[in-house]
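# Residue-level structure breakdown
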Amino acid sequence: MHVLAALGEQDGPLSELVAEFSRYHASGEINSTVADAAASTAAVRDWASGQDVTFDELDGLTVTFQGAPMWWFNLRASNTEPLLRLNVEAADAETMARVRDDVLSIVRGEA
């Protein structure tokens, strides 16, 4: 009810209202068609290994940076298509864009 009341008190869309409370900058899910998901994931893991990160492989590969500024990403293969799905979050937009672009360049064979 409070959200509806706040939305009714402004002219903008709900997305503008919610953006004020977003803690991190997110890429949204980005899909990349790949011939070998395992090889692409391994290449991304090798890239990340040179940094101060932790790995989790519960659902794809999740990499979390231990320093500042904070960032993490999840890279997982689709169960139904030849795709890798990437989601990146970071403390600021510049870091999110840098990590997103670095991982995508590896996944897409541009690095």
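Everything discussed here concerns the structure shown above.
To start, this report covers the structure provided alongside it. What you see is a predicted model, and the numbers here were worked out from it, not measured in a lab.

## Re the overall build of the protein chain
- Regarding its fold elements, the protein chain presents four helices and six strands.
- Each helix (α) and strand (β) of the protein chain, taken in turn from the N terminus, gives the series α-α-β-β-α-β-β-β-β-α.
- On C-alpha atoms alone, the protein chain measures out to a radius of gyration of 17 Å, which is more than a quarter above the 13 Å that the 2.2 N^0.38 rule sets for 111 residues.
- Once the C-alpha set of the protein chain is aligned to its principal axes, its extents read approximately 50 × 35 × 25 Å.

## Description of the pairing of strand E5 (residues 71-77)
- Examined bridge by bridge, strand E4 (residues 61-65) and E5 share four bridges and lie antiparallel to one another. Paired with Val-63 across the two strands is Phe-73, which belongs to E5.
- Where E4 hands over to E5, the hairpin turn is made up of five residues, counted between the paired strands.
- Pairing geometry for E5 and strand E6 (residues 83-90), over seven bridges, is antiparallel. What sits directly across from Trp-71, in E6, is Ala-90.
- From the end of E5 to the start of E6, which pair antiparallel, there are five residues.

## Quick notes on helix H3 (residues 37-49)
- Here H3 spans 18 Å end to end across 13 residues, near enough to the 18 Å set by a 1.5 Å rise per residue.
- Where H3 is concerned, the buried positions are Ser-40, Val-44 and Ala-48. Seen from one end, H3 has its buried residues packed into an arc of 75 degrees, which puts them on one side. What points out from H3, more than 90 degrees from its buried face, is the exposed set Ala-38 and Asp-46.
- In the core, the buried residues of H3 are packed alongside strand E3 (53-56), E4, E5, E6 and helix H4 (93-107).
- Where H3 begins, one side-chain oxygen reaches toward the backbone nitrogen of Ala-38, 3.2 Å away; that side chain belongs to Asp-36.

## Notes on the pattern of salt bridges
- The final tally for this structure, using the stated rule, is five salt bridges.
- A salt bridge links Arg-76 to Glu-29, with the nearest nitrogen and oxygen atoms 3.6 Å apart. Here Arg-76 is found in strand E5, whereas its partner Glu-29 is found in the loop between strand E1 (25-26) and strand E2 (30-33), with 47 residues between them in sequence.
- You can call Arg-76 partly exposed: its relative accessible area is 25%.
- On the accessibility criterion, Glu-29 (42% relative accessible area) is partly exposed.
- Among the charged side chains, a salt-bridge network with shared partners connects Glu-29, Arg-76, Glu-81 and Arg-85.

The rules we used
- Residues numbered from 1 in each chain as written.
- Predicted model: local features only at pLDDT ≥ 70, side-chain atom pairs only at ≥ 80, totals over all residues.
- Heavy atoms only, no water.
- Helix = DSSP H or I, 4+ residues; strand = E, 2+ residues; numbered from the N terminus.
- Rg over C-alpha atoms; globule rule 2.2 N^0.38 Å.
- Pairing = 2+ DSSP bridges.
- Expected span 1.5 Å × (residues − 1).
- Buried < 20%, exposed > 50% of the residue type's maximum accessible area, 1.4 Å probe, protein only.
- Arc of directions from axis to C-beta.
- Contact = heavy atoms within 4.5 Å.
- Polar contact = N/O pair within 3.5 Å; in protein donor to acceptor, adjacent residues only side chain to side chain.
- Salt bridge = Lys/Arg side-chain N within 4 Å of Asp/Glu carboxyl O.

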